[in-house]
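Here is what each chain is made of, one letter per residue.
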Amino acid sequence: MFAFLIASIHVPANLGYLALFLIVGGESAGLPIPGETSILIGGALAARGELDLPLVWLFAASGAIIGDNIGYLIGRFLLRRVLTGSGRLAHRLERSVARSEVFFRRHGGKTVFFGRWLPVLRVTAAWMAGASHMRWRRFAVFNALGGAGWAITISTLGYVAGKSADSVVGVLGILALVIVTLALISHWWFRRLGRRATEEGA
């Protein structure tokens, strides 16, 4: 299926880079669109010679970094206002925000960086960092490192899969294993994050 999908795609290079940037940036900002899948396809197209791999790295990383900064602003100025607003749950939400602030002061850097590789945290980490008033300069550094590292590793995986597209079963098996592993790590990370936030905010 992966081989058929890649073989059926023909995208003009300039349009392909722009689409990659917009899709990755949109997902990073919080839209429910397949940013990681687009990077995998971009890497596979580079293996076919349709795109240039270093440019796939550049446009994917740029989309991730810019999109996450938009997500940070959404968290800081919109989500924060929602969480600290009035209502029956206001007191409980304020306590959650206070615990989140403590957590991000101590562990925000690695959460933003490693969260890039985790399916759910990839989208929500920037929102949480903004809502927790993580310092933007610190966020920007770890976000840039994580966005670049994620874009390079995922697109390179797609490149390797594209080079090996004749063995469809093997390629799908590797990709399925990666997706399942990331989902399990994401689940573990969220449980750990919740426990540490509770302990440190107590």
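On a predicted model such as this, the values are computed, not experimentally measured, just so you know.

Draft legend 1. Examining the overall build of the chain more closely. Tallying secondary structure elements over the chain gives 8 helices and 0 strands in all. Secondary structure elements of the chain, listed N to C terminal, follow the sequence α-α-α-α-α-α-α-α. The 202 residues of the chain split such that 42% are buried. When contacts within the chain are restricted to residue pairs at least 6 apart in sequence, those whose partners lie at least 24 apart make up 79%. As displayed, the chain has an accessible area near 10,800 Å², and 70% of this comes from carbon and sulfur atoms.

Draft legend 2. Molecular detail of the packing of helix α3 (residues 35–47) against helix α4 (residues 53–83). Orientation of α3 relative to α4, taken along the N-to-C sense of each, is 160°, at an axis distance of 9 Å. Between α3 and α4, the interaxial angle falls into the category roughly antiparallel. Judged by the sense of rotation from one axis to the other, the crossing of α3 with α4 is right-handed. Only L53, V56 and A60 of α4 make contact with α3, whose side of the interface consists of I39, G42, G43 and A46. Tallied by class, the residues present in the contact of α3 with α4 amount to 5 nonpolar, 2 polar and no charged.

Draft legend 3. Looking closely at the packing of aromatic side chains. Under the definition given, this model contains 5 aromatic pairs. A centroid spacing of 5.8 Å and a plane angle of 75° characterise the contact between F103 and F104, whose relative ring orientation is edge-to-face. The interplanar angle of 90° and the centroid separation of 4.9 Å between the aromatic rings of F113 and F114 together place this pair among those described as edge-to-face. On the accessibility criterion, F113 (23% relative accessible area) is partly exposed. Classification of F114 as partly exposed rests on a relative accessible area of 45%. Three or more aromatic residues joined by ring pairs make a cluster, and in this case those are F113, F114 and W117. The ring centre of W150 lies 4.4 Å from the NZ or CZ of R116, which sits over that ring.

Draft legend 4. The nonpolar core, seen in detail. Counting residues in hydrophobic clusters, the biggest one holds 17 residues, and the most contacted among them are L20, V24, I39 and W150. Counting residues per element, the ones that place at least two in this core are α2 (13–29), α3, α4 and α7 (136–163). When neighbours within four sequence positions are excluded, V24 is seen to be in contact with G35, S38, I39, A60, G63, A64 and W150. Formed by 8 residues, the second largest nonpolar core is a distinct cluster that contains Y72, F103, V112 and A129.

Draft legend 5. The arrangement of the environment of L121 in detail. With respect to the helices, strands and loops of the structure, L121 is situated in helix α6 (residues 121–131). The buried category is assigned to L121, whose relative accessible area is 0%. Residues L121 and T111 lie 10 residues apart in sequence; the distance between their C-alpha atoms is 8.5 Å.

Draft legend 6. Examining a nonpolar patch on the surface more closely. A cluster of nonpolar side chains, contributed by L15, L18 and L22, occupies part of the molecular surface with about 290 Å² of accessible area. The residue L18 is located in helix α2 in this model.

Thresholds, definitions, all that
Residues numbered from 1 in each chain as written. Predicted model: local features only at pLDDT ≥ 70, side-chain atom pairs only at ≥ 80, totals over all residues. Heavy atoms only, no water. Helix = DSSP H or I, 4+ residues; strand = E, 2+ residues; numbered from the N terminus. Buried < 20%, exposed > 50% of the residue type's maximum accessible area, 1.4 Å probe, protein only. Contact = heavy atoms within 4.5 Å. Areas by Shrake-Rupley, 256 points an atom, 1.4 Å probe, with all protein chains shown as cover. Axes fitted to C-alpha atoms, helices over the stretch in contact; angles between N-to-C directions. Parallel < 35°, antiparallel > 145°, perpendicular 65-115°, else oblique. Left-handed = near helix turned anticlockwise from the far one by under 90°. Nonpolar A, V, L, I, M, F, W, Y, C, P; charged D, E, K, R; others polar. Phe/Tyr/Trp six-rings, centres within 6.5 Å; stacked < 30°, edge-to-face > 60°. Lys NZ or Arg CZ within 6 Å of the ring centre and 35° of its normal. Core = buried A, V, L, I, M, F, W, Y, C linked by side-chain atoms within 4.5 Å. Patch = residues over 30% accessible without salt bridge, like charges linked within 9 Å, V, L, I, M, F, W, Y side chains within 5 Å. Salt bridge = Lys/Arg side-chain N within 4 Å of Asp/Glu carboxyl O.

As far as function goes, none of this settles anything; it's purely spatial.
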